[in-house]
Amino acid sequence: MKTIQAVSYPIHFQEESYQELATLIAENNYSTIFILVDENTFEHCYPKFIPNLATDKRIEVIEIESGEIHKNLETCMWVWNAITELGGDRKSVLITLGGGVITDLGGFVASCFKRGIDFINIPTTLLSMVDASVGGKTGVDLGVLKNQIGLFANPEMVLVDDRYLETVAPREIKSGTAEIIKYGITYDVKLFNEIKNNSALKISDLIFRSIEIKNEVVLKDPREKNLRKILNFGHTLGHAIESFYLESEDKENLTHGEAIAIGMVCECYMSSKLLNFPAEKLKQVKDLVVSIYDKTNLLKEDFSAILDLLKHDKKNTNGQVNFVLLNDFEDFKIDCNVPEALIIESMEFYNV
Ligand code: GLY
């Protein structure tokens, strides 16, 4: 059976992982199993999950509303109250069954409840499988500022079963694909080429390779002092664009991956201007992004609002916006300061 060992927890894959889950639950003698879902994962994933949960422990389901808009402290309060009312104690375990909102928020809720109870991540979207559920980042948004409140805390286990993807809309699969492309650009050009050339790779192989890369990066730099910053590639500007669309009532929201894909094109452009990232590779990235995602038209009049949001990025230090840029594929430079005019130019480059 395929397993990846993270710093203090295993990542198990496919059907066989449920046996490992049952063993973990039995060995830890948990008092109650809380399962955190949203209305979508309760309807579509919980019925697939529950027959696989072999346990005689008490099970309580806690359902929150779906969507990034609910990834906040108010929802955490609600979940902490629910766990308390349902008799949660320090021997309780929280299983998060859902996308990045559920795994990030659930991990945070568990880590703070009674100074920390165990949690297990079961990601059900491609994005959470290849990114959020692995690496120990937990947290919630503060207004439109993404992941502003949170802490590093590791789950006891991550269980990745790609059959949950049958429940996910194609647009969400594309959203997760942006993170896989990011691993290709920053860490494994073979992976990038395989996606670009549309090689007949199975989704399970792409997921496994992505998690392998993420785990390797996190093991080398768990607290994001250096190498882990590559995982933010495309995210510095991408997050600002995502937040801008989230807070603009007259615009349709972008998915995380759609925003990050734009961010990757723009940050490759900045790299080409500041670090000699090769022009033909910039073209490859832009062509790939444009071939997968509907084109967004970033309006000139929105640039300054996007720049304002960029200034709140939590990776900033001393009031400076810090980008991770690329000398080449697989060759990064952290803490790059980019002039505002070049950030704007990069968005104009994406637009044409
Ligand atoms: N999502 C970026 C990281 O885990 O570091």
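One structure accompanies this document, and this report is about it.

Turning our attention to the overall build of the chain. Looking only at helices and strands, the chain features 14 helices and 11 strands. What you see for the chain is a C-alpha radius of gyration of 20 Å, in line with the 20 Å of a compact globule of 352 residues. Across its three principal axes, the chain shows a C-alpha extent of roughly 60 × 40 × 35 Å. Buried positions account for 57% of the 352 residues belonging to the chain. Sequence-distant contacts in the chain: of pairs separated by 6 or more residues, those separated by 24 or more amount to 76%. By element, 50% of the accessible surface of the chain is carried by carbon and sulfur atoms, the whole surface being about 14900 Å².

As a further point, take a nonpolar patch on the surface. Where nonpolar side chains cluster on the molecular surface, the patch consists of Phe42, Ile59 and Val61 and spans about 190 Å² of accessible area. With respect to the helices, strands and loops of the structure, Phe42 is situated in helix 2 (residues 39-44). With relative accessibility at 34%, the residue Phe42 sits in the partly exposed group.

Ile11, Phe49, Leu237 and Phe323 are the most contacted members of the largest nonpolar core, which totals 98 residues. No other element matches the 10 residues that helix 11 (residues 256-274) contributes to this core. Contact partners of Phe49, with chain neighbours within four places excluded, come to Tyr18, Leu21, Ile35, Ile95, Leu97, Ile122 and Tyr164. One finds Ile102, Val109, Ala110 and Phe119 within the second-largest nonpolar core, a separate group that totals 20 residues.

Bringing the site of the ligand into the picture now. As a structural note, the neighbourhood of the ligand is formed by Asp131, Lys137, Lys214, Glu224, Arg228 and Leu231. In the environment of the ligand, a nitrogen atom lies 2.9 Å from a nitrogen or oxygen atom belonging to the side chain of Asp131. The separation between an oxygen atom of the ligand and a polar side-chain atom of Lys137 is 2.8 Å. Protein coverage of the free-state accessible area of the ligand, which is 200 Å², stands at 89%. Split into classes, the residues belonging to the shell around the ligand amount to one nonpolar, no polar and five charged.

Okay, the packing of helix 7 (residues 170-187) against helix 8 (residues 189-196) next. At their nearest, the axes of helix 7 and helix 8 sit 6 Å apart, and the two run at 135° to each other. One finds that helix 7 runs oblique with respect to helix 8. The two elements helix 7 and helix 8 meet at a crossing, and its hand is left-handed. Touching Ile180, Ile181, Tyr183, Gly184, Ile185 and Tyr187 of helix 7 are Val189, Leu191, Phe192 and Ile195, all from helix 8. A per-class count over the contact of helix 7 with helix 8 returns nine nonpolar, one polar and no charged.

Another aspect to go through is the pattern of salt bridges. Pairs can form between side chains of opposite charge whenever their charged atoms are close. Enumeration over the complete set of coordinates arrives at 21 salt bridges. With its nearest N and O atoms 3.7 Å apart, the salt bridge here joins Lys190 to Glu194. On the criterion of helical spacing, the pair formed by Lys190 and Glu194 is a turn pair, its members being four residues apart in helix 8. Overall, Lys190 belongs to the exposed group, its relative accessible area being 57%.

Turning our attention to the state of the cysteines. The final tally for this structure, using the stated rule, is zero disulfides. The closest cysteine sulfur to the non-disulfide-bonded Cys76 is located on Cys112, 7.6 Å from its own sulfur. The structure places no disulfide on Cys268, whose sulfur is separated from the nearest cysteine sulfur, that of Cys266, by 9.5 Å. On the accessibility criterion, Cys268 (0% relative accessible area) is buried.

Attention shifts here to the side chain of Ser133. Looking at the element boundaries, Ser133 is found in the loop between helix 6 (126-132) and strand 7 (137-142). Its relative accessible area of 1% is what places Ser133 among the buried residues. Not counting residues within four places of it along the chain, the set of residues in contact with Ser133 comprises Thr103, Asn121, Pro123, Ser128, Pro155 and Val158.

Relative to strand 11 (residues 331-336), strand 10 (residues 323-328) runs antiparallel, the two sharing four bridges. By the bridge assignment for strand 11, Phe323 is matched with Cys336.

This part covers the packing of aromatic side chains. One pass over the full model with this rule turns up eight aromatic pairs. Centre to centre, the rings of Phe192 and Phe329 are 4.9 Å apart; their planes meet at 45°, and the pair counts as tilted. Residue Phe192 is found in helix 8, and its partner Phe329 is found in the loop between strand 10 and strand 11; the two are separated by 137 residues along the sequence. Given a relative accessible area of 0%, Phe192 falls into the buried group. Each ring, one from Tyr269 and one from Phe349, has its centre 4.7 Å from the other, and the planes form 25°; the classification is stacked. Taken together, the residues Tyr269 in helix 11 and Phe349 in helix 14 (residues 340-351) connect sequence positions 80 residues apart. Each member of the pair Tyr269 and Phe349 is classed as buried. Through pairs of rings, three or more aromatic residues link up here, namely Phe192, Phe277 and Phe329. Over the face of the ring belonging to Tyr183 we find Lys182, whose NZ or CZ atom lies 4.9 Å from the ring centre.

Parameters and conventions
Residues numbered from 1 in each chain as written. Predicted model: local features only at pLDDT ≥ 70, side-chain atom pairs only at ≥ 80, totals over all residues. Heavy atoms only, no water. Helix = DSSP H or I, 4+ residues; strand = E, 2+ residues; numbered from the N terminus. Rg over C-alpha atoms; globule rule 2.2 N^0.38 Å. Buried < 20%, exposed > 50% of the residue type's maximum accessible area, 1.4 Å probe, protein only. Contact = heavy atoms within 4.5 Å. Areas by Shrake-Rupley, 256 points an atom, 1.4 Å probe, with all protein chains shown as cover. Patch = residues over 30% accessible without salt bridge, like charges linked within 9 Å, V, L, I, M, F, W, Y side chains within 5 Å. Salt bridge = Lys/Arg side-chain N within 4 Å of Asp/Glu carboxyl O. Core = buried A, V, L, I, M, F, W, Y, C linked by side-chain atoms within 4.5 Å. Near = heavy atom within 4 Å. Polar contact = N/O pair within 3.5 Å; in protein donor to acceptor, adjacent residues only side chain to side chain. Nonpolar A, V, L, I, M, F, W, Y, C, P; charged D, E, K, R; others polar. Axes fitted to C-alpha atoms, helices over the stretch in contact; angles between N-to-C directions. Parallel < 35°, antiparallel > 145°, perpendicular 65-115°, else oblique. Left-handed = near helix turned anticlockwise from the far one by under 90°. Disulfide = S-S within 2.5 Å. Pairing = 2+ DSSP bridges. Phe/Tyr/Trp six-rings, centres within 6.5 Å; stacked < 30°, edge-to-face > 60°. Lys NZ or Arg CZ within 6 Å of the ring centre and 35° of its normal.

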